[in-house]
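Each chain, written out:
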Amino acid sequence: MVRNTPCLSLVTVIFMSAIVMAAKGHSQEKNDIWRLRKELFEKRQYDKNVRPTNHEHGPTEIMLQFTFVRIKVDELNGNLLTHGCLSLVWNESSLKWRPREYNNLTYIKVPANEVWIPDIIVQNSYEGLNNYPDSLVNIRHNGAIFHLQKLTLATQCDMDLTYWPFDKQTCSIRVGAWTSDANEVKPILLVDEPELTYFEAGTSPWEIIGAKSELNNLKYAEDMIPRHDVVFTLELQRRSAFDVKMVLVPAIVISLLVLITFWMTPGSPERIHVGCVAVIINTMMLLYFRYVLPASGNHIPLVVVFYVASLSLSAVGIVITLITGSLSRRTTSYDFGTGCAGSHTQSNVCTLSKGSLKFITHKPQMKVS
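Parameters at a glance
Residues numbered from 1 in each chain as written. Predicted model: local features only at pLDDT ≥ 70, side-chain atom pairs only at ≥ 80, totals over all residues. Heavy atoms only, no water. Pairing = 2+ DSSP bridges. Helix = DSSP H or I, 4+ residues; strand = E, 2+ residues; numbered from the N terminus. Axes fitted to C-alpha atoms, helices over the stretch in contact; angles between N-to-C directions. Core = buried A, V, L, I, M, F, W, Y, C linked by side-chain atoms within 4.5 Å. Buried < 20%, exposed > 50% of the residue type's maximum accessible area, 1.4 Å probe, protein only. Contact = heavy atoms within 4.5 Å. Disulfide = S-S within 2.5 Å. Parallel < 35°, antiparallel > 145°, perpendicular 65-115°, else oblique. Left-handed = near helix turned anticlockwise from the far one by under 90°. Polar contact = N/O pair within 3.5 Å; in protein donor to acceptor, adjacent residues only side chain to side chain. Nonpolar A, V, L, I, M, F, W, Y, C, P; charged D, E, K, R; others polar.

A. How the structure looks around the sheet that holds strand 6 (residues 144–156). Taken in spatial order, the six strands of this open sheet run 3-5-6-2-1-8, and their pairing is mixed. At either end of the open sheet lies a strand with only one pairing partner, and these are strand 3 (107–111) and strand 8 (185–189). For this sheet, the mean inter-axis angle between neighbouring strands, taken without regard to orientation, is 30°. Relative to strand 6, strand 2 (residues 79–91) runs antiparallel, the two sharing 13 bridges. Each bridged residue has a counterpart across the sheet, and for N79 the counterpart in strand 6 is Q156.

The following block contains the structure:
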């Protein structure tokens, strides 16, 4: 133990020196950030209510990029539920500094409520834009400000379910300034397509097969200043194997049952039984579609049209079977060639006289031995 004492003492000294140096470095960095914040926000008298601009009367250029993380399609209400991030980048000339004057400090993070933030919102969302109160903005030494907003959106999406469950849907998210016009805020796309690197499909039955970004110029009236907005469009493809099986298998069974009812002998009880089974299956499938598909809309799914037609054919087959069965059970039959007819209980004789048909009915007599 005595021999190891100098080694332990040396390790202890080195360890304590490292802690002191780390604390000193952290204190120095904290001091640099404090001096920089005091320079930017106090000495320069920065006003967050004043819109930054590089020109005297020019608009503030806002670079946008939308990142999709997860989506969910609500077919019953016609909504697209989106989880993602909206990145905003703009330049603030009054927040520049020289890194060498602050120990090579190239960026700082400050609360979003301490700087000017553009009034960028999702215009077609009825849940609005989620601005978290603890969100921070990243300010670079060249005056560039990066603001990342986490979003949970519900936007309206016009559903075309004509080819359900093999349908494709196109949904859009419209982002733009709420009160600022084209002379104040000018959106610019960072890339031509939304960011899908961090997209997670998970258990969602939808797959993104296409995405694009488009910058639009809007003018609501002739005497109004135009506005700019950015539209992020997604093209979605359904990939639900469950819905496909739920539609195809009963459709094949019902088609076979309807054909069998027309092949069977008219008036047979089995034909009525098969037709009733087809009617029950069609009714259950239509109730299932009523549960999973929206009741309103201009586009009726073709699969619903098929099951309605199949239900009609099954009902017609049952009616025809009942009519033919009723006709076959009648006791009178006609024979225009020989003029005779018969039944199980009576013997009927028919004769032709002067173009008219006469029936003579004879009751059978029992023989007494």
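Moving on, there is more to tell.
B. Geometry of the nonpolar core. Judged by nonpolar contacts, the single largest core of 57 residues is most densely connected at I139, L236 and F289. Examining the composition of this core, we find that six residues originate from one element, strand 1 (residues 60–74), more than from any other. Not counting chain neighbours up to four residues away, the residues in contact with F289 comprise W164, V247, V303, V304 and Y307.

C. Here's a closer look at the sheet that holds strand 7 (residues 168–177). Spatial ordering of the open sheet is given by 4-7-10-9, a layout of four strands whose pairing is antiparallel. The open sheet has two edge strands, strand 4 (120–122) and strand 9 (206–218), and neither has a second partner. On average, each strand axis in the sheet is tilted by 20° relative to the strand beside it, whichever way the strands run. By the bridge criterion, nine bridges tie strand 7 to strand 10 (residues 227–238) in an arrangement that is antiparallel. When the sheet's bridge partners are listed, R174 is paired in strand 10 with V231.

D. Quick look at the state of the cysteines. As enumerated under the stated definition, the model contains one disulfide in all. Put simply, C157 and C171 are joined by a disulfide, and their sulfur atoms are 1.9 Å apart. One quick way to see it: the torsion about the S-S bond of C157 and C171 is about -70°, and its sign makes the bridge left-handed. Of this pair, C157 sits in the loop between strand 6 and strand 7 while C171 sits in strand 7; the two residues are 14 residues apart in sequence, bridging distant segments of the chain. Take C157 and C171: they sit in the same class, and that class is buried.

E. Molecular detail of the packing of helix 2 (residues 241–263) against helix 3 (residues 269–292). Between helix 2 and helix 3, the least distance of the axes is 9 Å, while the angle of their chain directions is 155°. Overall, the two elements helix 2 and helix 3 adopt an arrangement that is roughly antiparallel. Seen from above, helix 2 lies across helix 3 with left-handed handedness. Within the contact between the two elements, helix 2 uses F242, D243, M246, V247, P250, V253, I254, L257, T261 and F262 and helix 3 uses R271, V274, G275, V277, A278, I281, N282, M285, Y288 and F289.

F. Focus on the side chain of D229. Along the chain, D229 turns up in strand 10. In this structure D229 comes out as buried when scored by relative accessible area, which is 0%. Among the polar contacts listed, one links the side chain of D229 to the side chain of R174, at a separation of 2.6 Å. Aside from chain neighbours lying at most four places away, what touches D229 is Q123, R174, V175, G176, E214, L215, N216 and L218.

G. Structural context of the packing of helix 2 against helix 4 (residues 302–328). Viewed as axis vectors pointing N to C, helix 2 and helix 4 meet at an angle of 25°, and their least axial separation amounts to 10 Å. Regarding the angle of helix 2 to helix 4, the classification is roughly parallel. In terms of crossing hand, the pair formed by helix 2 and helix 4 is left-handed. For the pair formed by helix 2 and helix 4, the contact residues are M246, V247, P250, A251, I254, S255, V258 and F262 on the first element and V303, F306, Y307, S310, L313, S314 and G317 on the second. Split by residue class, the contact of helix 2 with helix 4 holds 11 nonpolar, four polar and no charged.

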